[in-house]
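Residue-level listing of the chains:
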Amino acid sequence: MHKRTILLGALLLAVALAGACGGGNDDDLPPVEGGGSGGGPTFDMSKANATVSGKIAFEGTPPPNDKIQMSADPFCQMHASSYPVAETVKVNNGGLENVIVYVSSGLPTGVSYAPATQPLEVDQMNCHYIPHVFTIRTNQPLKVKNSDMTLHNIHAYAEKNPQFNVGQAVQGMVNETKFGLPENAPPIPLRCDVHRWMGAFVGVFEHPFHTVSKPDGTFELKLPPGTYEVTAWHEKFGKKTMMVEVKDNDKKDVGFSFSVADKAAD
Amino acid sequence: MRHENLALHRFALFLACCTAFLIFVGGLVTSTESGLAVPDWPTTYGWNMFTFPYSMWVGGIFYEHGHRYVASIVGFFTVVLTVWMWMREKRAWVRWLSTAALAAVIIQGLLGGLTVRLLLPTWVSTLHACLAQTYFCTVIALAVFTSPEWKHGLPLVKARTQSVPLQTLCIMTTAAVYLQLILGALMRHMDAGLAIPDFPLAMGQIIPPFTSGKIVVHFAHRVGAVIVASMIIWTFSTIARSYRHERLLFRPALAMLVLVIVQIALGATAIWTAKAVYPTTAHVLNGALVLGTSFLLTLRACAMVVMDISREYRSAV
């Protein structure tokens, strides 16, 4: 019986230790790995004097977005009427919003680009990411803020960069991170696993020649003279590319067109 | 003393029911894709998990934190059962089996934490799902071994002449169900549940083009379903033909047959509804019940069916 008592004590101790081990909440997003904007002389951005602009057109009737059910969180439910559907496809006057437009090849080799030090911010407000789609430079600080009176977790489903998943339990909480490696084809999805409708996309670039289409579908890139492959990417309709040649101080009007027949690769 | 041991048996039965509920709740976490809604472990958003305010159980947190809560309760009940066993159970091997159940539930908790901290790698999540089924079977075994009928000796039945002895058949069926559950867990955690989006055909064909690992795993799960259903029909028909009057064998065999029919219907519904939460989760729970019933039948078949009853009685005397 005495042996049994000792054994029982040991078992209880093991259970207690198992329950108590580990732990702690991470206050900061994990550090980045690798990256940098390459070697070579720093590119002179004053040479980027040509303008490539245009509109991302959507042909036909845009497909309806998925309805959002926010009743799982009373705070989010208060804002449900403002966001009845997902932000996947936003078309205004034939222009498609939230398309990442970037130079995918043709940039000069052997140069580096001045690091972007100005932090970008993505806010979780009214149970939505603002902005929904954005671009950032490698190693540029990204602040993730929770403006809501509810909990969010920010989960980056990165493939080339380290994934992370951090909770933000308190309103006003801000975490900062950086992505060390370019990741834009496709961009990194950001998700909140608490509120499954919350999603955003961030395209990470080593170079500064990228932008996101505005609500009316327009975009503008400043480029140095040269011949480039320019890509437009949308979360539902995938990507399209075109070749663009610009000379000094050129102003070139180009456009991309998407339709319901286009589909993003899985 | 006898009364207390009956209580022990009932408690083991109760724990088996709690475990089935826990498997359902765990299935809900995966079905609602809430596995990472609580990013830290063993804390919850920095709180001790038992002091985390209920008002904050919102969205996916409700499922993930609820799963942790139910798991903690099951873990606590397992501690109680093990302590009770060591205090009252005379058979050392049963005491050690309860200790194995306790070890399993502790490892299960650690695996659950590990999969959260590692952002749900497929192999850890699959291992977590498989250990859940193993633990469930262990608790069922404890309930069976502490039952009065087991302790007083199950009625012996003379083995009928068959190509495959009933015990072997039951063991094969249970092994097939367990392998099928591993495939199911792998499919779930690879997010391959809709890799083949149609049923009963597979991409409009009987055999789909194997263009990805997800399709291979999904199709293997469907083939596994055919094998498992065949094994269960074989087992049931054997018992119905040769052991029909042995209610301890016939009833679980019949239950297993009904459950596997329900299981196939739930699997089809999960696909037709594009993995709607409740049919998909019910498929997980029902799969565990198929395994549990098959395991129970196996234990009984191994204990009851003998080649020579008179020799068994003599050895017992």
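Right, let's walk through the structure included here.

On to the overall build of chain B, then. A count of helical and extended segments in chain B gives 10 helices and 2 strands. Each helix and strand of chain B, ordered N terminal to C terminal, gives the series α-α-α-α-α-β-α-α-α-α-β-α. Taken along the three principal axes of its C-alpha coordinates, chain B extends 60 × 55 × 25 Å. The buried share among the 317 residues of chain B stands at 55%. The contacts of chain B with a sequence gap of at least 6 include a subset with a gap of at least 24, amounting to 74%. Surface accessibility of chain B: about 14,300 Å² in total, with carbon and sulfur atoms responsible for 71%.

Moving on to the overall build of chain A. For chain A, the helix and strand inventory stands at 2 helices and 18 strands. The 266 residues of chain A split such that 47% are buried. Within chain A, counting contacts between residues at least 6 apart in sequence, those at least 24 apart form 68% of the total. Carbon and sulfur atoms form 54% of the exposed surface of chain A, whose accessible area is close to 12,700 Å².

Moving on: a nonpolar patch on the surface. All names here are of chain B. A cluster of nonpolar side chains, namely Leu201, Ile206, Ile207, Phe210 and Val216, defines an oily patch on the protein surface of about 500 Å² accessible area. Position of isoleucine 206 relative to the elements: it lies in the loop between helix 6 (166-189) and helix 7 (213-242). Its relative accessible area of 70% is what places isoleucine 206 among the exposed residues.

Turning to the packing of aromatic side chains, a few remarks are in order. According to the stated counting rule, one finds 27 aromatic pairs over all chains in the structure shown. Judged by centre distance (6.1 Å) and plane angle (90°), the rings of phenylalanine 43 of chain A and phenylalanine 209 of chain A are edge-to-face. Separated by 166 residues along the polypeptide, phenylalanine 43 of chain A in the loop between helix 1 (2-20) and strand 1 (50-59) and phenylalanine 209 of chain A in the loop between strand 13 (199-205) and strand 14 (210-212) bring together distant segments of the chain. In terms of burial, phenylalanine 43 of chain A and phenylalanine 209 of chain A fall into one category: buried. Linked through ring pairs, Phe50, Tyr54, Trp57, Phe62, Tyr63 and Tyr69 of chain B together constitute an aromatic cluster.

Contacts between chain A and chain B engage 32 residues on the former and 33 residues on the latter. Both sides of the chain A and chain B interface together cover about 2,500 Å² of buried area, and 71% of this is carbon and sulfur. Viewed at the interface, chain B and chain A are joined by 1 salt bridge. Along the contact surface separating chain A from chain B lie 5 residue pairs in polar contact (both at pLDDT 80 or more). At the level of elements, helix 1, strand 9 (152-156) and strand 10 (164-168) of chain A are the ones that each hand at least two residues to the side of chain A that touches chain B. With 8 residues, helix 1 of chain A is the largest single contributor of residues to the side of chain A that touches chain B. Its residues assigned to classes, the side of chain A that touches chain B comprises 14 nonpolar, 14 polar and 4 charged.

Quick look at the sheet that holds strand 4 (residues 100-105) of chain A now. By way of backbone hydrogen bonds, the strands of a sheet pair with one another, either parallel or antiparallel. All names here are of chain A. Pairing in this open sheet of 4 strands is antiparallel, and the strands run 14-4-16-17 from one edge to the other. Every other strand in the sheet has two partners, leaving strand 14 and strand 17 (238-246) as the edge strands with one partner each. Within this sheet the neighbouring strands show an average axis-to-axis angle of 30°, counted without direction.

Here a disulfide denotes one covalent bond, and it connects the sulfur atoms of two cysteines. Applying the stated criterion across every chain yields a total of 1 disulfide over all chains. Two residues, cysteine 76 of chain A and cysteine 127 of chain A, share a disulfide whose sulfurs are 1.9 Å apart. Taking the torsion about the sulfur-sulfur bond, which here is approximately -75°, the covalent link between cysteine 76 of chain A and cysteine 127 of chain A counts as left-handed. Residue cysteine 76 of chain A is found in helix 2 (residues 74-78), and its partner cysteine 127 of chain A is found in the loop between strand 5 (120-125) and strand 6 (128-130); the two are separated by 51 residues along the sequence. Residue class for cysteine 76 of chain A comes out buried when judged on its relative accessible area of 0%. Given a relative accessible area of 0%, cysteine 127 of chain A falls into the buried group. The thiol of cysteine 192 of chain A is unpaired, and the distance to the nearest cysteine sulfur, on cysteine 76 of chain A, comes to 7.9 Å. Residue class for cysteine 192 of chain A comes out buried when judged on its relative accessible area of 0%. Not part of a disulfide, cysteine 302 of chain B finds its nearest cysteine sulfur in cysteine 170 of chain B, a span of 7.1 Å. On the basis of relative accessible area, cysteine 302 of chain B is assigned to the partly exposed category, the value being 40%.

A few words on helix 4 (residues 122-145) of chain B. Look at helix 4 of chain B: 35 Å from first C-alpha to last across 24 residues, which is about the 34 Å you get at 1.5 Å a residue. With 19 of its 24 residues buried, helix 4 of chain B lies for the most part within the structure.

Below, the discussion takes up the pairing of strand 8 (residues 142-146) of chain A. Residues and elements named next belong to chain A. Side chains of strand 8 alternate between two faces, with Leu142, Val144 and Asn146 buried and Lys143 and Lys145 left unburied. Inspection of the sheet shows strand 8 paired to strand 11 (residues 174-177) by 4 bridges, in the antiparallel sense. Counterpart to lysine 145 in the pairing with strand 11 is valine 174.

Moving on: the sheet that holds strand 8 of chain A. All names here are of chain A. Sheet architecture is open: 4 strands sit in the order 6-5-8-11, paired in mixed fashion. The sheet terminates laterally at strand 6 and strand 11, the two strands that pair on one side only. Neighbour-to-neighbour, the strand axes of the sheet open up by a mean angle of 20°, direction not taken into account. Alignment of strand 5 against strand 8, held across 5 bridges, turns out to be parallel. By the bridge assignment, glutamate 121 is partnered in strand 8 with lysine 143.

A few words on the packing of helix 4 of chain B against helix 9 (residues 277-304) of chain B. Residue and element names in this part refer to chain B. Where helix 4 meets helix 9, the closest approach of the two axes is 10 Å, and the angle between their N-to-C directions is 40°. Considering the angle they form, helix 4 stands oblique to helix 9. In the packing of helix 4 onto helix 9, the handedness of the crossing is right-handed. Contacts from Gln133, Phe136, Cys137, Ile140, Ala141, Val144 and Phe145 in helix 4 reach Ala288, Leu289, Leu291, Gly292, Phe295, Leu296 and Leu299 in helix 9. By residue class, the composition of the contact of helix 4 with helix 9 is 12 nonpolar, 2 polar and no charged.

Conventions and cut-offs
- Residues numbered from 1 in each chain as written.
- Chains lettered and ligands numbered in written order.
- Predicted model: local features only at pLDDT ≥ 70, side-chain atom pairs only at ≥ 80, totals over all residues.
- Heavy atoms only, no water.
- Helix = DSSP H or I, 4+ residues; strand = E, 2+ residues; numbered from the N terminus.
- Buried < 20%, exposed > 50% of the residue type's maximum accessible area, 1.4 Å probe, protein only.
- Contact = heavy atoms within 4.5 Å.
- Areas by Shrake-Rupley, 256 points an atom, 1.4 Å probe, with all protein chains shown as cover.
- Patch = residues over 30% accessible without salt bridge, like charges linked within 9 Å, V, L, I, M, F, W, Y side chains within 5 Å.
- Salt bridge = Lys/Arg side-chain N within 4 Å of Asp/Glu carboxyl O.
- Phe/Tyr/Trp six-rings, centres within 6.5 Å; stacked < 30°, edge-to-face > 60°.
- Buried area = accessible area lost by both parts, 1.4 Å probe.
- Polar contact = N/O pair within 3.5 Å; in protein donor to acceptor, adjacent residues only side chain to side chain.
- Nonpolar A, V, L, I, M, F, W, Y, C, P; charged D, E, K, R; others polar.
- Pairing = 2+ DSSP bridges.
- Axes fitted to C-alpha atoms, helices over the stretch in contact; angles between N-to-C directions.
- Disulfide = S-S within 2.5 Å.
- Expected span 1.5 Å × (residues − 1).
- Parallel < 35°, antiparallel > 145°, perpendicular 65-115°, else oblique.
- Left-handed = near helix turned anticlockwise from the far one by under 90°.

In short, the description is geometric, and any link to function would need to be established separately.
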